[in-house]
Amino acid sequence: MSGRVTAGALVVWIGVAGGMSPATANDADLRTSVKRAIERAQNYLIQQQLPDGSWSKGRVGRNAIVLLALSNSGLDARHPTIENGLKYLRKSPIPDNTYDISLMIMALAAVRDGKRDAGLIFRLAEILESNQRNSGGWHYYGSDSSWDNSCTQYALLGLREAAFVAGYQVDRGTWRKARDHWLREQGGSRESVAGAGWTYNVGRGNSTGSMTVAGIGSLAIIDSFLQEDPPDGTLNCCGAAEKDEVQAAIDAGVRWLGNRFSVRDNPGGGNWLLYYLYGLERAGRLSGRRFFGDHDWYREGARFLVESQVAATGAWREDKVTGDQDDNVSTSFALLFLSKGLAPVLVNKLKFGPRNPATGEPIGDDWNRHPNDVRNLVDYISGRDRWPSLLTWQVVDFDKAIQEEGVQALLQAPVQLLSGAGAPDSIQGKQVELLREYIAQGGFLLAIQNCEDGGFDAGFRELIKRMFPTGEFRLRKLPDTHDVYRTEFLIDESPPELWGVDFGCRTAIIYAPFDHACRWEHWSSFDPPGRSADLKGAIGRSMKLGTNIVAYATNREVHDKLDGPEALLAESPSDESSRGTIRLARIRHTGGWDTARNSARHLLDALEKKVGLRPASRIANLPTTDPDLFDFPLLYMHGRQNFTFSAAEREQLKRHLENGGLLFADACCGAEAFDTAFRLMIEQTFGQPLERIPISHELFYSDWGNDIRQVERRLPRDERRGSVLDTELSIGEPVLEGLTVNGRLAVIYSKYDLSCALERQATSACAGYTTEDATRIAVNIVLYSFLQKVETTSR
């Protein structure tokens, strides 16, 4: 490219237009602030560490909670602060205080070095169990005869981590006594609209926010460990969809908190605010709630903490007279809220059904027949090889999503779960439109029939017809060779029946007529006594299939809570006569020209949001013989299959490119058939092959575009059937090839996928770039094309 155009010229020629949706922009700003607050808090705590690796010469728990916060906020386990803190803990005397014991277990478990410290964790956990009161609660010391709910929740947190990380087997009697304690001590009626909370202990006044979140979180933990099998070993997946006593208690606690919610005060208590906020994070995450009442607990809490962080130091200070005066502890509570609450949301569980006119809530719980199904599946996936150590889930109310956020509410998780026994006939109108838009924007829908009830089966098939009334996208039985059977586990012996809807580059909707969710409901990290080998095997197979489906849907590429994909802006008319407008035509051909039908829309949307480059009001779809082709300087082409161009098609394409046009193309998921056909077509058209574009070319690095000299590319390492799909994600130079005409690039081609990634529909088997880097590459190509137009017009 001669007479290189600068970034200044680009600004002159394009009008700044568009932008993120308000919700997405707010999340992006908040995420920046949260990340900065986390880093500042880490630095503060690092600076406070004493030479011997401690932060306090007093109780072990005050050192353990700092180590716990730093580990959970992402500080590397090899960081000197973590290593020195661990050394201090390991050489400390065995504590006898419930807080100290529990926090020591949690800190040792947090660095994922549980095997090394298993012996120590076991000793600590045994002390915790032995210190439980007959009533089911805990107090500060084993010799105490009373109990309090603060010590009780921390004892349960310690036992949970000992079980999950070190494999400690907690006696089921311990869990049962703790469950009975929390159920017995809940104040108020569980049926009341006002809800029912918890207090510190008997005689300590009214319920408080800090103790109510303790009750919610504790019961959620207990429930995950107290799975009971029927005496005959046969699961009853088709019983009435009724809440058990534990779930009713949790729901009542959630209502109590929603009616009194605050992040600036401890409701009903006023003090110990930061302690309360750390408990709020656990209650929200463990119970799968994004909202308490109408309050988005994480976003509201994060904004408050960002605002209240001490500017000079990066610490938080408990400013209530009766709160903790140790800034290290206060800062640790805040850091734990911000970092753990930011964990990726893997699955949204859709709350739907006919509504009660008085309450607005769904009538019955058919949508939630197995309340712990998603929680258990996400726990099973968390921390597996190549998955983050902490993943979360949440319930999304369909009607609330429509009223408040639209598709952005669904896009906060890469997978939506829709399940029930009855037909989902209540999903109509705007709800159908919302699901359809979610799929079009790269989302994934997993549907499971509970109880193998024919009502849901027939109803879900009708729902697909409502979503895609033209019949273009249909539900089809997946073949045994489908990649979903080998993304994480190899399931090649009698693969479970699955149906799917192929949408562009992948299967975007999967339906299981068998009730795998019932098996997820009964999974536990520790099998109940007497569980039969057959039942254990059935549950294990369903857990593996669920993991495979989620891995297929996400490629294991997940983002934190505030970093989800942005909803596309609605198409709107623009002034196509403006010199700042991008006009693009997609090339029709017989090799799958429409495979990633939304990729161009996603690309132009990214240009408008990130650069301010206005797209034309429509994207043309033309064969190269169409006379309107010359109205579009930028041509876009992709596919998966073999194709050929006639002499007339090649001739007009050549004329267009020789007259200043640019052809941008890629092989969807690295499809070899398309790659071979495209290379042949270029040679037939121009009499010369494509050549690798050197990394020194301005396309890869310039003052007008992204720095794309290093990008992430996904390559399946083993395509053999009968083996687990092994994918390697590597960082390196992008592989782009081109053809030069009259001293400029007239063809830019990627043999690795860009289009499916742009559409957010790439799978583990898709050889290509991540969505983020595919977008950056494609944006540079379009900007290069635009600058060519600017230079040509300027001459």
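Residue indices follow the written sequence of each chain, beginning from 1 at its first position. For a predicted model such as this one, the threshold for reporting local features is a pLDDT of at least 70, and the threshold for listing and counting side-chain atom pairs is 80 or more; totals across whole chains, interfaces and linings nevertheless cover every residue. Only heavy atoms go into the side-chain values, all of them from the structure, while hydrogens and water stay out.

1. What about empty space enclosed by the protein?
Space left empty within the atom packing is revealed by a probe, the size of a water molecule, rolled over the atoms.
Right, so step 1: A cavity here means a set of 1 Å grid points, computed over protein atoms only, where a 1.4 Å probe fits but cannot escape. A pocket is an open set with protein on both sides within 12 Å along at least 5 of 7 lines, and lining residues have an atom within 4 Å of a point. Grid points are joined across faces, edges and corners, and a volume is the space filled by probe spheres set on the points. Within the structure shown, the criterion is met by 6 cavities of 30 Å³ or more.
Right, so step 2: The volume enclosed by the largest cavity comes to roughly 70 Å³.
Right, so step 3: If you go around the largest cavity, the residues you meet are Gln 169, Val 170, Arg 172, Trp 175, Phe 225, Phe 526, Asp 527, Pro 528 and Pro 529.

2. Concerning the packing of aromatic side chains
Right, so step 1: Here a pair means two rings of Phe, Tyr or Trp (six-membered ring of Trp) with centres within 6.5 Å. Their orientation is stacked below 30 degrees between planes, edge-to-face above 60, and tilted elsewhere. One pass over the structure, following the stated rule, counts 28 aromatic pairs.
Right, so step 2: Aromatic side chains Trp 182 and Trp 198 sit 5.9 Å apart centroid to centroid with 80° between the ring planes, which places their arrangement in the edge-to-face category. Of this pair, Trp 182 sits in helix H8 (residues 172–185) while Trp 198 sits in the loop between H8 and helix H9 (209–225), and the two are 16 residues apart along the sequence. In this pair, the class of Trp 182 matches that of Trp 198, namely buried.
Right, so step 3: When the centroid spacing of 5.9 Å and the interplanar angle of 20° are considered together, the rings of Phe 674 and Phe 678 count as stacked. One end of the pair, Phe 674, and the other, Phe 678, are both in helix H23 (residues 672–686), 4 residues apart, so they sit about a helical turn from each other. Strands here mean DSSP runs of E at least two residues long; helices mean DSSP runs of H or I at least four residues long; both are numbered from the N terminus. Here's how the labels work: a residue is buried when its accessible area is under 20% of the maximum for its type, exposed when over 50%, partly exposed in between, all with a 1.4 Å probe on protein chains only.

3. Quick look at the packing of helix H3 (residues 60–72) against helix H13 (residues 327–340)
Packed helices, taken two at a time, are described by their axes: the angle between them and the distance between them.
Right, so step 1: With axes taken as lines fitted to C-alpha atoms, and helix axes fitted only over the stretch in contact, angles between N-to-C directions fall between 0 and 180 degrees. One can describe the packing of H3 onto H13 by two numbers: an axis separation of 9 Å at closest approach and a directional angle of 30°. Here H3 lies roughly parallel to H13, going by the angle between them. Crossing of H3 over H13 shows left-handed handedness. Residues Arg 62, Ile 65, Val 66, Leu 68, Ala 69, Leu 70 and Asn 72 of H3 form the contact with H13, whose participating residues are Asn 328, Val 329, Ser 332, Phe 333, Leu 335, Leu 336, Ser 339 and Lys 340.
Right, so step 2: All amino acids are sorted into three groups, where Ala, Val, Leu, Ile, Met, Phe, Trp, Tyr, Cys and Pro are nonpolar, Asp, Glu, Lys and Arg are charged, and the leftover types, Gly among them, are polar. Classifying every residue of the contact of H3 with H13 by side-chain character gives 9 nonpolar, 4 polar and 2 charged. Just so you know how the angles are binned, under 35 degrees is roughly parallel, over 145 roughly antiparallel, 65 to 115 roughly perpendicular, and the rest oblique. Take the far helix as your reference; a near helix turned counterclockwise from it by less than a right angle gives a left-handed crossing, and one turned clockwise gives a right-handed crossing. Note on contacts: a residue pair is in contact if any heavy atoms of the two residues lie within 4.5 Å.

4. A few points about the nonpolar core
Right, so step 1: Ranked by size, the top nonpolar core spans 98 residues in total, and within it Leu 277, Leu 280 and Leu 338 carry the most contacts.
Right, so step 2: Counting 39 residues, the second-largest nonpolar core is a separate cluster that includes Cys 237, Ile 381, Cys 518 and Met 543. Nonpolar cores were defined as sets of buried Ala, Val, Leu, Ile, Met, Phe, Trp, Tyr and Cys residues, with membership established by side-chain atoms within 4.5 Å.

5. Some thoughts on the pattern of salt bridges
Right, so step 1: Here, a salt bridge means any side-chain nitrogen of Lys or Arg that lies within 4 Å of a carboxyl oxygen of Asp or Glu. Per the counting criterion, the structure on display carries 37 salt bridges.
Right, so step 2: One salt bridge in this structure joins Arg 190 and Glu 245, with 3.3 Å as the shortest N-O distance. In this pair, Arg 190 sits in the loop between H8 and H9 while Glu 245 sits in helix H10 (residues 245–259), placing the two residues 55 residues apart along the sequence.
Right, so step 3: On the accessibility criterion, Glu 245 (48% relative accessible area) is partly exposed.
Right, so step 4: Because the salt bridges share partners, they merge into one network encompassing Asp 27, Arg 290, Asp 296, Arg 299 and Glu 405.

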